[in-house]
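Descriptive structure summary
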Amino acid sequence: MRAPLDSSPDNPEAAAIDLPGRNTRHAQATRDRDLVCRDFRDALGSFATGVTVLTTLATDGKPIGLTISSFNAVSLDPPLILWSLACDSPRLAAFRHAGHYAVNVLAANQEAISNCFASRDEDRFDALVFTPGLAGVPLIEGCSAWFECSHEAHYPGGDHLIFLGRVQRFARGQAADPLIFHAGRYRRLHSNSEC
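Source: prediction; values computed, not measured.

**Quick look at the confidence of the model for the chain**
Residue-level pLDDT values for the chain average 83, and 78% of them are 70 or greater. Mean pLDDT across the secondary structure elements of the chain bottoms out at helix α1 (residues 12-44), with 61, and peaks at strand β6 (residues 100-105), with 98. With pLDDT under 50 throughout, residues 1-18 is counted as low confidence; its partners more than four residues away or in other chains account for 8 contacts.

Encoded structure:
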């Protein structure tokens, strides 16, 4: 069996031989992983979803929010929903410690709101019309529906944290059509006719 090369500063030849190969393999593995992640994300994009903005209050009382499409019903009795947030999100700590949050289901004419809350803009609420809900959590006006939730639990889920919320109050808006996201683009329902 061959001994591993010593890549210490005392043996620069070994470092020159060993590290470039290792760096090349690491770079290739990273590119391969990124391609698989991109393909996986594209395949997930085949599933059309609604678009929501999650809102809560930071510990200093400042409203915060973000756009998500990973929102699902879990249970009717008790009424539970779930959603997830990337572990590297700058808003993760605020949502993790929030006692309440709201799921604002966006209407078809609210693309601009979706884009605003998906951006890195810090002043997301400046030009937004909203009303305070339970615990003062912002409810965005003009939405298709609202779900006001108390924090039930959160669980690790790979590179995301999964949030389970207990719906305390909900309402449907007057907007007929929801905002839809599919294959990386906003979509609209073509008709309200049933199959």
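What follows continues from the structure just given.
**Description of the nonpolar core**
Taken as a class, soluble globular proteins show a tendency for nonpolar side chains to be buried jointly. By size, the foremost hydrophobic cluster in this structure holds 17 residues, and its most contacted members are L54, I81, W83, L85, F95, Y101 and F163. Those elements giving two or more residues to this core turn out to be β3 (63-68), β5 (79-86), α2 (92-97), β6, β9 (145-157) and β10 (160-172). The residues contacting L85, other than those within four sequence positions of it, are L66, R91, L92, F95, H160, L161 and F163. In this structure, F125, V137, L139 and L179 belong to the second largest nonpolar core, which totals 14 residues.

**Things to note about the sheet that holds strand β11 (residues 180-182)**
Judged by pairing direction, the sheet is antiparallel, and its 3 strands sit side by side in the order β1-β11-β12 without closing on themselves. Looking at strand neighbours, the two that pair on one side only are β1 (49-50) and β12 (185-187), the edges of this open sheet. Bridge analysis of β11 against β12 gives 3 bridges, and the strand direction is antiparallel. Among the inter-strand pairings, I180 is bridged to a residue of β12, identified as R187.

About the thresholds
Residues numbered from 1 in each chain as written. Predicted model: local features only at pLDDT ≥ 70, side-chain atom pairs only at ≥ 80, totals over all residues. Heavy atoms only, no water. pLDDT = per-residue confidence, 0-100. Helix = DSSP H or I, 4+ residues; strand = E, 2+ residues; numbered from the N terminus. Contact = heavy atoms within 4.5 Å. Core = buried A, V, L, I, M, F, W, Y, C linked by side-chain atoms within 4.5 Å. Buried < 20%, exposed > 50% of the residue type's maximum accessible area, 1.4 Å probe, protein only. Pairing = 2+ DSSP bridges.

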